[in-house]
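Examination of the molecular architecture
Listed below, chain by chain, are the residues.
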Amino acid sequence: MEWVQALTVIASLTAVIGIVANLLNKRIDDLRQDMDRRLDRLEQDIREIRQLLYKAFEAPHREEK
C-alpha cells in the first residue's frame, strides 16, 4: 500500500469516527434533556403528593387539639 492510499484510509476512518462520535454526542444530549424533563415532572409529582398527604394526615390532627 502506498503512502497516499494509507493517508486516504486514515482520513476516511477519521471522518467516519468523527461522524459517529458527533451522532452519539447528539443522541446523548437528547437523552439527557429527556431525562431532565422526566425528573422535573417527577419532582413536581412528589411535591404534589407530599402536599396532599400533609393535608390528609396532618390537618385533621391539628383540628382535634
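Note that the structure is a prediction, hence the values are computed from the model and not measured.

**Focus on the overall build of the protein**
- What the protein contains, in helices and strands, is one helix and zero strands.
- Taking all 65 residues of the protein together, 0% fall into the buried category.
- Surface accessibility of the protein: about 6400 Å² in total, with carbon and sulfur atoms responsible for 62%.

**Points about the UniProt feature "transmembrane region" (unreviewed entry) in the protein**
- The UniProt entry lists residues 6-25 under the feature "transmembrane region" (unreviewed entry), expressed in the numbering used here.
- Structurally, residues 6-25 is divided into 100% helix and 0% strand, and its ends, taken at the C-alpha atoms, are 28 Å apart.

**With respect to the pattern of salt bridges**
- The final tally for this structure, using the stated rule, is six salt bridges.
- One continuous salt-bridge network, built from bridges that share partners, spans Asp34, Arg37 and Arg38.

**Observations concerning a nonpolar patch on the surface**
- The grouping of Met1, Val9, Leu13 and Ile17 at the surface amounts to a nonpolar patch, some 460 Å² of accessible area in total.
- Residue position: methionine 1 is located in the segment before helix H1 (3-64).

Cut-off values and rules
Residues numbered from 1 in each chain as written. Predicted model: local features only at pLDDT ≥ 70, side-chain atom pairs only at ≥ 80, totals over all residues. Heavy atoms only, no water. Helix = DSSP H or I, 4+ residues; strand = E, 2+ residues; numbered from the N terminus. Buried < 20%, exposed > 50% of the residue type's maximum accessible area, 1.4 Å probe, protein only. Areas by Shrake-Rupley, 256 points an atom, 1.4 Å probe, with all protein chains shown as cover. UniProt positions renumbered as here; feature names shortened; annotations may be inferred. Salt bridge = Lys/Arg side-chain N within 4 Å of Asp/Glu carboxyl O. Patch = residues over 30% accessible without salt bridge, like charges linked within 9 Å, V, L, I, M, F, W, Y side chains within 5 Å.

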